[in-house]
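# Coordinates in review
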Amino acid sequence: NMSAGRPFRGCACFFTDNIFVGRFGLHVRYRDGPQLRRDHGRALRERGCRSEEQFREVLREIEAEVQRRKQLLHQSVERRAIISKCYKPKHPEVYTLQDSFLAPEFLEIVRFCTSPGADLQGLLRYLESFSDKRIYRLPVFTEEFCQAFVDELENFEQSDMPKGRPNTMNNYGVLLNELGMDEPFLTPLRERFLRPITALLYPELGGACLDSHKAFVVKYSLHEDLDLSSHYDNAEVTLNVSLGKEFTEGNLYFGDFNQDPTPVPQYIEVEHVGARGLLHRGGQIHGALPIASGERWNLIVWMRSSAIRNQLCPMCNRKPELVEAEGFGDGFTAPLGEEVPQTLNVCAL
């Protein structure tokens, strides 16, 4: 995958920053034991990590996660090759995006956004807005597509294929690039349908030039992942679509925008509605409350703009230190010739 002829890259902070210590619900930055104690010792103690043995366990957990991240690239390529060769889909049709999978109201929104003179005020008439946090709900897929897609994902989950977990916070789910869905499904969804909408909603985040993505499905159920701790996404804009099945509770909650924190964050709760999606800024701090019954599947698409993130990595807040990556990497691209003046249109960078 390339952006204007440039291969995508990752940032070296992936191996050191935002490492989630599950048992104490804390994201940490890790160089070595003394640094961890210095920077995060107090927060760990406040969350119940009080003995030396507990601290050593945390160290082991973090070091295992760093090793996992270092092997990720190679293992992901390997898994994808095995899946491509050996997995027999139950619903092969869901792998290639068709307009018939999309809700008629969604297609109408896209038509509006691509019409001459389309503006933000006009678009907002089609969307549900939540508070002033720039969180919007809109119809995305048909119920029929959601049912077939979840059925396909369950078929994959029950197979003996190798499976990569979406991230350190979700143990149950599917990385859609490993299923081969990037080119035939997710790239056209982002380029043809989502980008006209995000261009109007989030222009300053590169909404008009979201040139890569990371997409995965997460699953919550009583005996697996119940909830999701507070976090922000490695994305400029996130789409989160509720695919089903039957469940109770498990609302999403949203706090501050991470680049603009307030002394006392105001949280809002947003319900999932089947086949509908939420669009929000990747930097909006959020999480998921525990489900009370049933099973919930969500499609998450992290959309990225190299024009924006090449200036500042959203995960370490530094100029990205570029490293080799596979596919879309983490959405960074190597510079082409001279630096571009800051005053240009953000998407022309």
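Refer to the preceding data block for the structure.
This is a predicted model, so every value here is computed, not measured.

Here is what the cut-offs are and how they apply
Residues numbered from 1 in each chain as written. Predicted model: local features only at pLDDT ≥ 70, side-chain atom pairs only at ≥ 80, totals over all residues. Heavy atoms only, no water. 1 Å grid on protein atoms, 1.4 Å probe; cavity = no way out; pocket = protein on both sides within 12 Å on 5 of 7 lines; lining within 4 Å. Points joined across faces, edges and corners; volume = space filled by probe spheres on them. Helix = DSSP H or I, 4+ residues; strand = E, 2+ residues; numbered from the N terminus. Nonpolar A, V, L, I, M, F, W, Y, C, P; charged D, E, K, R; others polar. Axes fitted to C-alpha atoms, helices over the stretch in contact; angles between N-to-C directions. Parallel < 35°, antiparallel > 145°, perpendicular 65-115°, else oblique. Left-handed = near helix turned anticlockwise from the far one by under 90°. Contact = heavy atoms within 4.5 Å. Phe/Tyr/Trp six-rings, centres within 6.5 Å; stacked < 30°, edge-to-face > 60°. Buried < 20%, exposed > 50% of the residue type's maximum accessible area, 1.4 Å probe, protein only. Expected span 1.5 Å × (residues − 1). Bend = angle between axes of the 7 residues up to and from the residue. Polar contact = N/O pair within 3.5 Å; in protein donor to acceptor, adjacent residues only side chain to side chain. Core = buried A, V, L, I, M, F, W, Y, C linked by side-chain atoms within 4.5 Å.

### Some remarks on empty space enclosed by the protein
Counted according to the given criterion, the structure contains one cavity of 30 Å³ or more. Each pocket or cavity is described by its volume, and for the largest cavity that value is around 50 Å³. If you trace the largest cavity, you find it lined by Arg137, Asn240, Ser242, Glu271, His272, Val273, Arg276, Gly277, Leu278 and Asn298. Within the residue set of the lining of the largest cavity, elements represented by two or more residues are strand 10 (237-244) and strand 14 (276-281). If one sorts the elements of the lining of the largest cavity by residue count, strand 14 sits on top with three residues. Among the residues making up the lining of the largest cavity, the classes are represented as two nonpolar, five polar and three charged.

### Considerations on the packing of helix 3 (residues 104-113) against helix 6 (residues 182-201)
One way to put it is that helix 3 packs onto helix 6 with a least axis distance of 9 Å and a crossing angle of 55°. What the angle tells us is that helix 3 and helix 6 run oblique. Where helix 3 crosses over helix 6, the two elements pack in a sense that is left-handed. Contact residues: Phe106, Leu107, Ile109, Val110 and Cys113 in helix 3; Arg192, Phe193, Leu194, Pro196, Ile197 and Leu200 in helix 6.

### Details of the packing of aromatic side chains
Note on aromatic pairs: each is described by the distance of the centres and the angle between the planes. Here the structure, examined in full by the defined rule, presents 15 aromatic pairs. An angle of 25° between the planes, with centres 5.3 Å apart, marks the rings of Phe145 and Phe149 as stacked. Of the two residues, Phe145 and Phe149 both sit in helix 5 (residues 143-158), four residues apart, roughly one turn of that helix. As far as burial versus exposure is concerned, Phe145 and Phe149 are alike and both buried.

### What to know about helix 1 (residues 33-46)
Taking 1.5 Å of rise per residue, the 14 residues of helix 1 would be expected to cover 20 Å, and the 18 Å separating its terminal C-alpha atoms lies within 8% of that figure. A maximum bend of about 70° is found in helix 1 at His40. For helix 1, the complete set of buried residues consists of Gly33, Gln35, Leu36, His40, Gly41 and Leu44. Between the side-chain oxygen of the N-cap and the backbone nitrogen of Gln35 there are 2.9 Å, and the N-cap of helix 1 in question is Asp32. Downstream of helix 1 by one or two residues, Gly48 has phi in the positive range, about 110°.

### Quick look at the side chain of Asn310
With respect to the helices and strands, the residue Asn310 is situated in the loop between helix 7 (306-309) and strand 17 (322-323). If we ignore the near neighbours within four places in the chain, the residues touching Asn310 are Lys319, Pro320, Phe332 and Thr333.

### Thoughts on helix 2 (residues 52-86)
Remark: the principal bend of helix 2, roughly 50°, maps to Leu72. Residues of helix 2 that are buried include every one of Phe55, Val58, Leu59, Ile62, Glu65, Val66, Arg68, Arg69, Ser76, Arg79 and Ile83, and no others. Buried residues along helix 2 sit in contact with strand 3 (19-21), strand 4 (26-28), helix 1, helix 5 and strand 7 (173-175).

### Some points on the nonpolar core
One finds Phe141, Leu176, Leu179, Ile197 and Leu243 to be the most contacted residues of the largest nonpolar core, which totals 55 residues. Every element with two or more residues in this core is listed here: helix 3, strand 6 (135-139), helix 5, helix 6, strand 8 (212-221), strand 10 and strand 16 (291-304). When residues of this core are assigned to their parent elements, the largest contribution, eight residues, is made by helix 6. Dropping the residues within four chain positions of it, Leu243 is found in contact with Phe141, Cys146, Phe149, Val150, Leu153, Val217, Trp297, Asn298 and Leu299. Counting 14 residues, the second-largest nonpolar core is a separate cluster that includes Ile19, Phe24, Leu59 and Val66.

### Quick notes on the environment of Thr333
Looking at the secondary structure, you find Thr333 in strand 18 (residues 332-333). Accessibility expressed as a relative area gives 2% for Thr333, which makes it buried. At 2.7 Å, the side chain of Thr333 forms a polar contact with the side chain of Asn310.

### Focus: the packing of helix 1 against helix 2
Viewed as axis vectors pointing N to C, helix 1 and helix 2 meet at an angle of 115°, and their least axial separation amounts to 12 Å. For the pair helix 1 and helix 2, the crossing hand works out as right-handed. Two secondary-structure elements touch here, helix 1 through Gly33, Leu36, Arg37 and Leu44 and helix 2 through Glu52, Phe55, Val58, Leu59 and Ile62. Of the residues belonging to the contact of helix 1 with helix 2, the class tally is six nonpolar, one polar and two charged.

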